[in-house]
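Below, each chain spelled out in residue letters.
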Amino acid sequence: MFKRSSWLHLRIPFSYYLMPVFFFSLAVSPNISERPLLWTFIIVHLFLYPASNGYNSYFDKDEKSIGGLKNPPKVSKGLYYLALLFDVIALVLAVVKISVLFAALIFIYGLVSKAYSHPAIRLKRYPVGGWLTVSFFQGFFTFVMCYIGINRFPLENVLKPYVLIPALLSSAMLLGTYPMTQVYQHEEDGKRGDKTFSLMLGIRGTFLFVGALFGVVSAGYILYFNSYFEKNYAWPFLIAMAPVVMFFLYWFVRIWRDESKADHKHTMWLNFISATCLNAFFIYLFLDSTQLLQMFS
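Here goes a summary of the coordinates provided. All values reported here derive from a predicted model rather than from experimental measurement.

Before going further, it helps to examine unusual backbone geometry. In this model, R11 sits at a positive phi of 50°, which is unusual for a non-glycine residue. As for its position among the elements, R11 is in the loop between α1 (4–10) and α2 (19–27). In this model, R152 sits at a positive phi of 55°, which is unusual for a non-glycine residue. Take R152: it is sitting in the loop between α6 (127–151) and α7 (161–182).

Next comes the structure, spelled out in structure tokens:
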């Protein structure tokens, strides 16, 4: 019924790069049971994110490399309907398997993700607004959404510092991560009239901004771990981030000499290393932090 190209544009494997927010939320969850955990993961990563990817690909109609697809095929109307089908499945599963509140958050995320590329709104064309919106919803909002889904909590259980702070840290990390995903698309974005945040900063400016922000955000993570966990997780976090920093500096040196090195290949490698290191650290944090006495005191 749906073309192979439509399934490719869902970019389901790309969800791997967005998993750190889920695992961070899991690591600080106090009311974990297997079924809500599993269904939250499936709904968000196998249906919600792919629906967003497919919908945005349909309206962007990219001809050059995009996240998760080096050579994107031409889009068809079938992609539009497939993306909406995945949205509906995510909503139905959210209501049946988790809660109405979780489904409402899934619905809100879906609406905002559509506004990013839909020509009637197209947040992507606004450099600061688009950057802030994506960072908030893929960070803070998704963290809270996953926390509610995993724990089956009402909204009031989220309104506590030990939940809001890591949610804010997730958005802060994405404020730096997101411009790096745009750094190789300046030419195509410019042709469409989409003045992205990275395009506004320029290639070298993007690297300088992201490097400085990463230092500030890392300090925020360390302060959070020292404040809410009995065990010192600062050093494991810094060790986990070391490969990310090393690759970033290696790439920075290369693009400083030749801006054509700000390409899809290096971007995907940075995304992969960053996601792998963060996923590994947050899974370790989840498995190791069995007593969060300071957090709940």
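Anyway, onward from the coordinates.
Another point: the environment of S25. As for its position among the elements, S25 is in helix α2. Spatially, the C-alpha atom of S25 lies 8.4 Å from that of I150, the residues being 125 residues apart in sequence. Apart from the residues lying within four places of it in its own chain, the contact partners of S25 are F143, C146, Y147 and I150.

This model, assessed by the stated rule, comprises 49 aromatic pairs. Taking the centre distance of 5.3 Å and the plane angle of 50° together, the rings of Y58 and Y80 count as tilted. With Y58 in helix α3 (residues 34–60) and Y80 in helix α4 (residues 77–98), this residue pair connects regions lying 22 residues apart in the sequence. Pair check on accessibility: Y58 and Y80 agree, each one buried. Summarising the aromatic geometry, the rings of W131 and F209 are spaced 5.7 Å apart at their centres and angled 70° between planes, so their arrangement reads as edge-to-face. Here W131 is found in helix α6, whereas its partner F209 is found in helix α10 (residues 203–228), with 78 residues between them in sequence. Of note, K77 hangs over the ring of Y80, and the distance from its end group to the ring centre comes to 4.7 Å.

This part takes up the side chain of D87. With respect to the secondary-structure elements, D87 resides in helix α4. Among the residues examined, D87 registers a relative accessible area of 11% and is labelled buried. When residues no more than four places from it in sequence are discounted, the contact partners of D87 are L48, A51 and K114.

Calculation notes
- Residues numbered from 1 in each chain as written.
- Predicted model: local features only at pLDDT ≥ 70, side-chain atom pairs only at ≥ 80, totals over all residues.
- Heavy atoms only, no water.
- Helix = DSSP H or I, 4+ residues; strand = E, 2+ residues; numbered from the N terminus.
- Contact = heavy atoms within 4.5 Å.
- Phe/Tyr/Trp six-rings, centres within 6.5 Å; stacked < 30°, edge-to-face > 60°.
- Buried < 20%, exposed > 50% of the residue type's maximum accessible area, 1.4 Å probe, protein only.
- Lys NZ or Arg CZ within 6 Å of the ring centre and 35° of its normal.

Note that all results are geometric; they support no functional claim without further evidence.
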